[in-house]
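What follows is the residue order along each chain.
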Amino acid sequence: MSTAIETLTKMIKGRRSIFPTSYIQKEIPTTVIEQILESANYAPTHKLTQPWRFVVIRKEAKIRLGQTLGQLYTATVPAEKFMQKKFDSFAQKTAQADCILAVNIQFHPDKLPNWEEIAAVACAVQNMALTAEALNVGAYWSSPPLIDDLGEFLGLAANEKCFGLFYMGYHEEEPREANRTPIADKVKWLEH
Ligand SMILES: Cc1cc2nc3c(=O)[nH]c(=O)nc-3n(C[C@H](O)[C@H](O)[C@H](O)COP(=O)(O)O)c2cc1C
């Protein structure tokens, strides 16, 4: 049997971003989605503001999201820069994914600076990514600029903002090595 540290290290190092082109058409059970969301709720949070807010987008709503992203792209990109391939990619990705979680942050400027809420939500997303990995669900955090314009689609309140779309789907990808330079290059030790 693996020790806790062996299991944890395997999950942390083995987690990869898995993109919609790799997803297979297989439904993620609601209980699995709930398990992934439950992990988000245990992220650290300064002053216990628990700023993570999610919108679960599945089935017909996924199609509507793809259409909305396409419409927003068309409305915001200068005509001479419009790319049909890019336009088509929104509907493709939302169709390939089985479930998409909009990652939103509720800000509390009276209590905390925004960066602390963003940091807490990033921790929540990592909890979800590791839980998805452990459940063999492929996932990746997508952050197209268009998420700034999704407030109406997502029904966000004035103090909430979307920070990404967490795409999920089952997949049959082989494990792949992480592309990272050594940690020693990023750490300075002070001992004297
Ligand atoms: C805040 C954040 C936003 C990201 N946004 C995108 C994105 O818009 N498009 C994309 O392809 N990957 C995005 N990624 C995923 C990275 O591309 C991915 O983490 C990186 O390539 C390393 O691969 P790994 O996750 O498999 O280790 C994002 C990751 C983070 C943490």
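Okay, so let's go over this structure. Please read all numbers here as calculations on a predicted model, not as lab measurements. (Residues numbered from 1 in each chain as written. Predicted model: local features only at pLDDT ≥ 70, side-chain atom pairs only at ≥ 80, totals over all residues.)

### Regarding helix α2 (residues 30-40)
Next, step 1: Taken residue by residue, α2 has Ile33, Ile36 and Ala40 as its buried positions. The arc enclosing the buried residues of α2, seen along the axis, measures out at 60 degrees, which places them on a common side. Residues Thr31, Glu34 and Glu38 are exposed on α2 and point more than 90 degrees away from its buried face. (Buried ≥ 20, exposed ≤ 12 C-beta atoms within 10 Å, placed from the backbone. Helix = DSSP H or I, 4+ residues; strand = E, 2+ residues; numbered from the N terminus. Arc of directions from axis to C-beta.)

### Considering the site of the ligand
Next, step 1: Near the ligand the following residues occur: Arg16, Ser17, Tyr140, Trp141, Ser142, Ser143, Pro144, Gly164 and Ala178.
Next, step 2: Sort the elements by how many residues they give to the shell around the ligand and strand β3 (residues 137-142) lands first, with three residues.
Next, step 3: Of the residues belonging to the shell around the ligand, the class tally is four nonpolar, four polar and one charged. (Near = placed C-beta within 6 Å. Nonpolar A, V, L, I, M, F, W, Y, C, P; charged D, E, K, R; others polar.)

### Some thoughts on the sheet that holds strand β4 (residues 160-170)
Adjacent strands of a sheet form backbone hydrogen bonds with each other and so pair up, either parallel or antiparallel.
Next, step 1: Taken together, four strands build an open sheet; the order of strands is β1-β2-β4-β3 and the sheet is antiparallel. Strand pairing shows two members of the sheet lacking a second neighbour, β1 (52-58) and β3, which therefore form its edges. Across the sheet, the mean angle from the axis of one strand to that of its neighbour is 25 degrees, orientation sign disregarded.
Next, step 2: Two strands pair when backbone bridges link them, and β1 and strand β2 (residues 99-106) are joined in this way by seven bridges, in the antiparallel orientation. The partner of tryptophan 52 across the bridge, within β2, is isoleucine 105. (Pairing = 2+ DSSP bridges. Axes fitted to C-alpha atoms, helices over the stretch in contact; angles between N-to-C directions.)

### Focus: the packing of α2 against helix α5 (residues 114-134)
Next, step 1: The interhelical angle for the contact between α2 and α5, taken along N-to-C directions, is 145 degrees, at an axis separation of 7 Å. For α2 against α5, the interelement crossing comes out right-handed. Across the interface between the two elements, Gln35, Ile36, Ser39 and Ala40 of α2 pack against Ala124, Asn127, Met128, Thr131 and Ala132 of α5.
Next, step 2: Partitioning the contact of α2 with α5 into residue classes produces five nonpolar, four polar and no charged. (Left-handed = near helix turned anticlockwise from the far one by under 90°. Contact = placed C-beta atoms within 7 Å.)

### What about the packing of helix α1 (residues 4-14) against α5?
Next, step 1: Interaxial distance between α1 and α5 falls to 9 Å at its minimum, and their mutual angle equals 105 degrees. Relative to α5, α1 is oriented roughly perpendicular. Here Met11, Ile12 and Gly14 of α1 come into contact with α5, specifically with Leu130, Glu133 and Ala134. (Parallel < 35°, antiparallel > 145°, perpendicular 65-115°, else oblique.)

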